[in-house]
Amino acid sequence: MIEFREIGKRYPDDSVAVAGFNLVVPSHRTVALVGSSGSGKTTLLRMVNRMIDPTEGAVLIDGRDVRQLDPVQLRRSIGYVLQAGGLLPHRTVLDNVATVPVLQGVRRRDACRDAYELLERVGLSASLALRYPSQLSGGQQQRVGVARALAANPNILLMDEPFGAVDPIVRRELQDEMLRLQAELGKTIVLVTHDIDEAFRLADEVVVLRQGGGIAQVGTPTEILAAPADDFVREFVGADRADRTLVARDVAGRRVVVDGEGRPVGVLAL
Ligand SMILES: Nc1ncnc2c1ncn2[C@@H]1O[C@H](COP(=O)(O)OP(=O)(O)OP(=O)(O)O)[C@@H](O)[C@H]1O
């Protein structure tokens, strides 16, 4: 479980990125932080692995204040997936995945064997293992990024716009892959995205942030869509969007569902 307690972050130039932020991320669940650019999502995420320390409040992992933990150890024990993979460009795919376990003392041979297994797990062929990141497609690089984050077998996975750099079709594939992996692995995941549809698809719980890192609403995707807390959330989640305002109509004895522009999207099952 990850707990954000009364978190504030003021940068030296006096800008306030986050204020009075409280949140509990239960174990084995996926929580998405969504909000427009500059709402403090990345700042909050990086507080979990101490890449950023809060100026107020504390982050606790399973009840322990992360400030009591060694930052290097902490970072190695938490998976971190970045936009565009964040891979080391001069290391092979295999090395990118095996590096952290080797640093943690796993024998190189064992780390490489595990890395091959992980590559397969994220849907990559072993034939790519000796390539360099620049010899892979964007989607493949993202998969390596996920394999690398999983290599130390962390309980926690931090994902910062993990699929932001790929086209919508590949993005959808990667999201499907992540749902499949999460069903198998049950990690505690904090996902940062500005794509509300991605958040609704991947997360058990969604946190909508305002500028300044204040919480506008926390809830399951269904709760937020059904009852946006205010106009800001309603607008942000596109509650009035044509593809979200579905209507059932009787046509030839069946209930046909149409979107807000009257386009058919499906038929209600009986
Ligand atoms: N090192 C820094 N010094 C000063 N201000 C900073 C620093 N890093 C971030 N900020 C400010 O803190 C606020 C939150 O930034 P953050 O990167 O957390 O937002 P974000 O929601 O992740 O945005 P984006 O979606 O654009 O990545 C912004 O106003 C940003 O300008």
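Residues numbered from 1 in each chain as written. Predicted model: local features only at pLDDT ≥ 70, side-chain atom pairs only at ≥ 80, totals over all residues.

## Overview of the site of the ligand
Right, so step 1: Around the ligand, 13 residues are found, and the nearest of them are Tyr11, Ala17, Ser37, Thr42 and Thr43.
Right, so step 2: Ranked by residues supplied to the shell around the ligand, first place goes to helix H1 (residues 41–48) with three residues.
Right, so step 3: For the shell around the ligand, the per-class residue count stands at two nonpolar, nine polar and two charged. (Near = placed C-beta within 6 Å. Helix = DSSP H or I, 4+ residues; strand = E, 2+ residues; numbered from the N terminus. Nonpolar A, V, L, I, M, F, W, Y, C, P; charged D, E, K, R; others polar.)

## So, the domain arrangement of the protein chain
Interface size, as often reported, equals the accessible area lost upon joining of the parts.
Right, so step 1: Taken domain by domain, the protein chain comprises domain 1 (2–239) and domain 2 (240–269).
Right, so step 2: The C-alpha centroid of domain 2 is placed 35 Å from the C-alpha centroid of domain 1. (Domains from an automatic or database assignment.)

## Some remarks on the sheet that holds strand E1 (residues 2–10)
Right, so step 1: The strand order across the open sheet built from four strands is E2-E1-E4-E5, with neighbouring strands paired in antiparallel fashion. Pairing within the sheet leaves two strands with one partner each, and these edge strands are strand E2 (16–25) and strand E5 (64–65). (Pairing = 2+ DSSP bridges.)

## Remarks on the nonpolar core
Right, so step 1: With 62 residues, the main nonpolar core has Ala32, Val97 and Val190 as its most contacted residues.
Right, so step 2: When residues of this core are assigned to their parent elements, the largest contribution, five residues, is made by helix H5 (residues 138–150).
Right, so step 3: The residues touching valine 97, leaving out its near neighbours within four places in the chain, are Ala115, Leu118, Leu119, Val144, Ala147, Arg148 and Ala151. (Core = buried A, V, L, I, M, F, W, Y, C linked by C-beta atoms within 7 Å. Buried ≥ 20, exposed ≤ 12 C-beta atoms within 10 Å, placed from the backbone. Contact = placed C-beta atoms within 7 Å.)

## Brief notes about the sheet that holds strand E11 (residues 247–251)
Right, so step 1: Pairing is antiparallel in the open sheet, where three strands are placed in the order E11-E12-E13. In this open sheet, the two edge strands, each paired with only one partner strand, are E11 and strand E13 (264–267). For this sheet the average axis-to-axis angle between neighbouring strands, irrespective of direction, equals 35°.
Right, so step 2: Relative to E13, strand E12 (residues 254–258) is paired through three bridges, and the arrangement is antiparallel. The partner of valine 257 across the bridge, within E13, is glycine 266. (Axes fitted to C-alpha atoms, helices over the stretch in contact; angles between N-to-C directions.)

## So, the confidence of the model for the protein chain
Right, so step 1: Counting all residues, the mean pLDDT for the protein chain is 92, and 99% of those residues have values of 70 or more.
Right, so step 2: Reported confidence for the predicted complex is 0.91 by ipTM and 0.90 by pTM. (pLDDT = per-residue confidence, 0-100.)

## Examining the pairing of strand E4 (residues 56–61)
Right, so step 1: Relative to E4, E1 runs antiparallel, the two being bridged by five bridges. The residue bridging glutamate 3 from the neighbouring strand is leucine 60, located in E4.
Right, so step 2: Where E4 lies against E5, two bridges are found, and the strand directions are antiparallel. The partner of leucine 60 across the bridge, within E5, is aspartate 65.

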